[in-house]
Every structure is written in C-alpha cells, then in structure tokens.
Amino acid sequence: MQVVEDIYEAQKTFEELRQQGRSVGLVPTMGSLHKGHVSLVERARLRCDVVAVSIFVNAIQFNDVNDHRQYPRSTEADLAMLASAGVDFVLLPTDEQMHPKPMNVLITTSGAAELLEGVHRPGHFDGVATVVAKLFIILGPGLAFFGEKDFQQLVVVRRMVSELHFPVEVVGCPTVREPDGLAMSSRNLRLAEADRAKAPIVHRAILAARQAYAAGETSGRGLIAAMYEILSSVQDLVIDYASVVDPQTLKDVDHVKPDSRLVVAVHLGSVRLIDNSAVGGD
Ligand code: AMP
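Computed from a prediction, not measured in an experiment: that's the story for all the values here. (Residues numbered from 1 in each chain as written. Predicted model: local features only at pLDDT ≥ 70, side-chain atom pairs only at ≥ 80, totals over all residues. Heavy atoms only, no water.)

A.B. asks: Is there a simple way to explain the overall build of the chain in this structure?
C.D. replies: Looking only at helices and strands, the chain features 11 helices and nine strands. For 282 residues, the compact-globule estimate of 2.2 N^0.38 gives 19 Å, and the chain sits close to it at 19 Å. Its C-alpha atoms put the chain at 55 × 40 × 40 Å along the principal axes. Within the chain, the fraction of its 282 residues that count as buried is 54%. Once local pairs closer than 6 in sequence are excluded, the contacts in the chain between residues at least 24 apart make up 72%. Accessible area for the chain stands at about 13,300 Å²; split by element, carbon and sulfur atoms hold 52% of it. With 27 positive and 35 negative side-chain charges, the chain shows a separation of 2 Å between the mean positions of the two kinds. (Helix = DSSP H or I, 4+ residues; strand = E, 2+ residues; numbered from the N terminus. Rg over C-alpha atoms; globule rule 2.2 N^0.38 Å. Buried < 20%, exposed > 50% of the residue type's maximum accessible area, 1.4 Å probe, protein only. Contact = heavy atoms within 4.5 Å. Areas by Shrake-Rupley, 256 points an atom, 1.4 Å probe, with all protein chains shown as cover. Lys, Arg positive; Asp, Glu negative; His and termini not counted. Charge placed at Lys NZ, Arg CZ, Asp CG, Glu CD.)

A.B. asks: Could you clarify how one ought to interpret the pairing of strand 8 (residues 261–268) in this entry?
C.D. replies: On a regular strand, one side chain projects to one face of the sheet and the next to the other, so that they alternate. Within strand 8, seven of the eight residues are buried, which leaves the element mostly enclosed by the surrounding structure. Where strand 7 (residues 237–245) meets strand 8, eight bridges bridge the pair, whose relative direction is antiparallel. Bridged to Val244 within strand 8 is Leu262. Note that strand 8 and strand 9 (residues 271–278) share eight bridges and pair antiparallel. Note that in strand 9 the partner of His267 across the bridge is Arg272. Where strand 8 folds back on strand 9, the antiparallel hairpin that results is connected by two residues, among which Gly269 adopts a positive phi of roughly 60°. (Pairing = 2+ DSSP bridges.)

A.B. asks: Sorry if this is basic, but what is going on with helix 7 (residues 124–139) here?
C.D. replies: Here helix 7 is 16 residues long and its end C-alpha atoms lie 23 Å apart, about the 22 Å a rise of 1.5 Å per residue gives. Counting buried residues in helix 7 gives 14 out of 16 residues, a clear majority hidden from the surface. In the segment just after helix 7, Gly140 is the residue with positive phi, at about 55°. (Expected span 1.5 Å × (residues − 1).)

A.B. asks: What exactly am I supposed to notice about the layout of surface pockets here?
C.D. replies: Unfilled space is identified by rolling a water-sized probe across the atoms. In this structure, the second largest pocket encloses a volume near 490 Å³. What lines the second largest pocket is a set of 22 residues, among which Val155, Val156, Arg159, Met160 and Glu163 lie closest to the centre. Take the lining of the second largest pocket: its biggest share by element is eight residues, from helix 8 (residues 151–163). Two domains share the lining of the second largest pocket, each providing at least three of its residues, namely domain 1 (2–173) and domain 2 (186–278). (1 Å grid on protein atoms, 1.4 Å probe; cavity = no way out; pocket = protein on both sides within 12 Å on 5 of 7 lines; lining within 4 Å. Points joined across faces, edges and corners; volume = space filled by probe spheres on them. Domains from an automatic or database assignment.)

A.B. asks: I keep staring at the environment of Ile230 and nothing clicks. Help me out?
C.D. replies: Along the chain, Ile230 turns up in helix 11 (residues 220–231). Taking the relative accessible area as the measure of exposure, Ile230 reaches 27% and is therefore partly exposed. Considering only alpha carbons, one finds Ile230 and Ala205, 25 residues apart in sequence, at a separation of 5.4 Å. Those residues in contact with Ile230 that sit more than four places away from it in its chain are Ile201, Arg204, Ala205 and Ala208.

A.B. asks: I keep staring at the site of the ligand and nothing clicks. Help me out?
C.D. replies: Residues in close proximity to the ligand total 17 residues, the closest being Met30, Gly147, Asp150, Val176 and Met184. In this structure, an oxygen atom belonging to the ligand sits 2.6 Å away from a side-chain N or O atom of Asp150. In the model, a nitrogen atom of the ligand is placed 2.8 Å from a nitrogen or oxygen of the Met184 main chain. Contact with the protein chains hides 93% of the accessible area of the ligand, taken as 480 Å² for the molecule alone. Elements represented by at least two residues in the shell around the ligand include exactly strand 2 (24–29), helix 2 (35–47) and strand 5 (143–147). Partitioning the shell around the ligand into residue classes produces eight nonpolar, seven polar and two charged. (Near = heavy atom within 4 Å. Polar contact = N/O pair within 3.5 Å; in protein donor to acceptor, adjacent residues only side chain to side chain. Nonpolar A, V, L, I, M, F, W, Y, C, P; charged D, E, K, R; others polar.)

A.B. asks: Explain the sheet that holds strand 5 to me, please; I cannot follow it from the model alone.
C.D. replies: Across the sheet, which stays open at both edges, the six strands sit in the order 1-4-3-2-5-6 with parallel pairing between neighbours. Two strands close off the open sheet at either side, each with one partner strand: strand 1 (2–4) and strand 6 (169–173). Direction aside, the axes of adjacent strands within the sheet are offset by 25° on average. Note: strand 2 against strand 5, two bridges, orientation parallel. Bridge pairing in strand 5 places Leu26 opposite Ala144. Across the sheet, helix 4 (residues 75–84) lies against strand 1, strand 3 (50–55) and strand 4 (89–91), angled at about 165° from strand 3, the strand it touches most. Along the sheet face, helix 7 touches strand 2, strand 3, strand 4 and strand 5 and points at about 150° away from the line of strand 2. (Axes fitted to C-alpha atoms, helices over the stretch in contact; angles between N-to-C directions.)

Shown next as structure tokens:
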C-alpha cells in the first residue's frame, strides 16, 4: 500500500495508472475509520483495479469550529485498517496543499443542498463539493464510492458530478450498523456512555416509521408522527429534524412511496447524529 502526502506526486501516479488502462476507484474519507468505511473499500475492490482512499479532515465543510477541533483523528490505526482491507493507495494531503491560501474559489451548491443538513450546517455542502471536486481532479477516478449513511451528501455529489460533467460514476453503498442498530460513525466515539446507550433510538424511530408504512400509513405526516413519538421518549435528545423526503429533491413528501427517504438528525450531548432509510426498507 502506497501512502502519499504530496498532491502532485499523487496526480502523476494516477495519470500513469490511467495511461496503463487501470480502472481507479476512490473512497473519500475523513479518517477515524470503521467498518462502514471498510465496506466502501470492499465494494471498490470488487469493481476497480486500483483502490485509492483519501483521508482528509476537510476544515471547510465544518460550520462548527469545535466539531472540527474535536473530530477524532487516528491515522496509524486507519492505515493499518486500510492495508488489511487491500487498499492500494492512500492520499493524506495537507491543509496547505489541498486548500492553498488565499482560498478564492469555492463551489456553491443549492437546491437539495440547502435543505435538511443545509439548514443546520450552512456552507457544509459547498465545502464537501469543493473538496470532492479537487479529489476527482487530483486522482481522476472512474468510480467513487460514497455511503448512504450521508444520504444528502450522496445526492449533492451526484448532482455536482452531473452538472460539472465529471467522468465519474458515483456508487452509493448501504449503511453499516452496530449490532444495536446505531449507524457507524466516527463521531460515535465522542458519545458519553449514557448517550451511547440512548443513540440506537434514532434507528428505532426510523424502523417504527417503516413499520407504520408497511401497516398502511402512507402520509408523510403519519410517518413523522411515528418517528417523533419514539424520539421524544428519550430525555435530553434534541431533534434537528425527522422528515420524509423525495430521494432526489429532498423536499418533504405528503404521499409517501417506497423510495421516499426517512431522514433524522438529533443532538445527544455535544454530538450530532444523522441517519436515514428508504421508507420501503434498504
Ligand atoms: P466520513 O469519513 O465520515 O466523511 O465518511 C466517508 C465515507 O464513508 C462517506 O461516503 C460516508 O457516507 C461513508 N460512511 C460513513 N459511515 C458509514 C456507515 N456507517 N456505513 C456506510 N458508509 C459510511
């Protein structure tokens, strides 16, 4: 496994790989890796000759300085995990090289990017789109793998790829969960013990809405009520949103279809958790 910090060295390496006709798959991450990330690597491994992972805690996508400061970092353990998952190449760029100062260029996102997370984390998706575009330009992957865990991110990246004509196939990958249903996330490490015990309620709320739909409830309002009933049973849990949305536009839907998306964001202590699922099940 080759580990490279220098963006220009990486760019040159991948130009050569593409000239040799090797297919390249990219898994962009912010490190502090877990089985969810590994599942993306495994999917990339099945479809690509060369699997590249980037580890970069992208400051410009954090709207909260504390969240950025406290974001867990564990590069050595990450590299060991990636080596045993059969990754070929890891890009570990520096802030200075990735976002040279002064930073005068930023991709602006709108539409689906302004809803849900966009309301609570202004500027977040501009930062995501900008770094993903840069990674695509540096490594030139034919395929890029993103988790459905961050469903809105997947929607925004697909939109960016389509509008900016990147020759990249975006592959969405299912959410990997802990045995108790909690979606794996690097931020879970920051949950206090009592909050970790409460955290599976987010997935339980989503399952309750799925059950209500399976039992014949087809109104958005009905499914939202089912989620709120579960979430509001937990003390000290703050709900940012619990909605049912169209899977492309992310606008609220009244008449629910199987591919409508249940989306939830909550705070437990200082940790913000998000989760989602198709109404008809994943
Ligand atoms: P992050 O390091 O949090 O930026 O995540 C990097 C990639 O891994 C993103 O495409 C995420 O959607 C994906 N990811 C994070 N958690 C999970 C999970 N539990 N299951 C599947 N993919 C995930």
